[in-house]
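For reference, the chains in residue letters:
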Amino acid sequence: MEEVLIKVTGMSCQGCVKNLTGALSATPGVSSVAVSLEQGEARVAYDPALVSSNALRTVVEDCGFDAV
């Protein structure tokens, strides 16, 4: 397992956190997700054999947020 910290901009409420957490958690290869509205970040533990960190950033962007 590896872990990536993705800076996320555009989140404004706990609903954003819930939506992003759900989308990342549903991604094959992801084992845990912690999204922080206050910190503006998503910490994701994942299996690099199943998903790349770039693919996780794409999930963030597909939810309508900017992955930095």
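Residues numbered from 1 in each chain as written. Predicted model: local features only at pLDDT ≥ 70, side-chain atom pairs only at ≥ 80, totals over all residues. Heavy atoms only, no water.

### Some details on the pattern of salt bridges
Applicable threshold: Any carboxyl oxygen of Asp or Glu that lies within 4 Å of a side-chain nitrogen of Lys or Arg is treated as forming a salt bridge with it. Under the DSSP-based scheme used, a helix requires at least four consecutive residues in state H or I and a strand at least two consecutive residues in state E, with every element numbered from the N terminus. In this scheme, a residue with accessible area under 20% of its type's maximum is buried, one over 50% is exposed, and one in between is partly exposed, where area comes from a 1.4 Å probe on protein chains only.
The full count for this structure, using the stated rule, is 3 salt bridges. Between glutamate 41 and lysine 7 there is a salt bridge; the shortest N-O distance is 3.3 Å. Of this pair, glutamate 41 sits in strand E3 (residues 41-46) while lysine 7 sits in strand E1 (residues 2-9), and the two are 34 residues apart along the sequence. Relative accessible area serves as the criterion here: at 38%, lysine 7 is assigned to the partly exposed category.

### Let's talk about the pairing of strand E2 (residues 30-36)
Residues in a regular strand point their side chains to alternate faces of the sheet. Short version of the rule: DSSP bridges decide pairing: two strands pair if at least two such bridges lie between them.
Note that E2 and E3 share 6 bridges and pair antiparallel. Note on E3: the bridge partner recorded for serine 32 is alanine 45. Between E2 and E3, which follow one another and run antiparallel, lie 4 residues, and glycine 40 among them has a positive phi close to 65°.

### Concerning the environment of alanine 49
As for its placement among the helices and strands, alanine 49 is situated in the loop between E3 and helix H2 (53-62). For the pair formed by alanine 49 and glutamine 39, sequence separation is 10 residues and the distance between their alpha carbons is 28 Å.

### Structural notes on the sheet that holds E3
Formally: For this analysis, residues touch if any pair of their heavy atoms sits within 4.5 Å. Note on definitions: angles span 0 to 180 degrees between N-to-C directions of axes, and those axes are lines fitted to C-alpha atoms, for helices only across the stretch in contact.
Strand order in this open sheet of 4 strands is E2-E3-E1-E4, and the pairing throughout is antiparallel. Looking at which strands have only one partner, the edges of the open sheet turn out to be E2 and strand E4 (66-67). When E1 meets E3, the two strands line up antiparallel, connected through 6 bridges. Counted as the bridge partner of leucine 5 is arginine 43 from E3. Across the sheet, helix H1 (residues 14-25) touches E1, E2 and E3, and the angle it forms with E2 is around 165°. Running over the sheet, H2 touches E1, E2, E3 and E4 and is turned about 30° from E1.

### Concerning the nonpolar core
For clarity, the cut-off: Take the buried Ala, Val, Leu, Ile, Met, Phe, Trp, Tyr and Cys residues and link them wherever side-chain atoms come within 4.5 Å; each set so joined is a nonpolar core.
One finds Val8, Met11, Leu20, Leu24, Leu56 and Val60 to be the most contacted residues of the largest nonpolar core, which totals 19 residues. Secondary-structure elements contributing two or more residues to this core are E1, H1, E2, E3 and H2. Those residues in contact with methionine 11 that sit more than four places away from it in its chain are Cys16, Val17, Leu20, Val35, Ser36, Leu37, Gly40, Glu41 and Phe65.

### A few points about the side chain of glutamate 41
Quick reminder of the rule: Polar contact criterion, stated in full: a pair of N or O atoms within 3.5 Å, where within protein one must be able to donate a hydrogen and the other to accept it, and residues adjacent in sequence count only if both atoms are side-chain atoms.
Residue classification places glutamate 41 among the buried residues on the basis of a relative accessible area of 12%. In terms of polar contacts, glutamate 41 uses its side chain to reach the side chain of lysine 7, at 3.3 Å. Look past the residues within four positions of glutamate 41 in its chain and what remains in contact with it is Leu5, Ile6, Lys7, Val8, Met11, Ala34, Val35 and Ser36.

On their own, these measurements won't tell you what the molecule is for.
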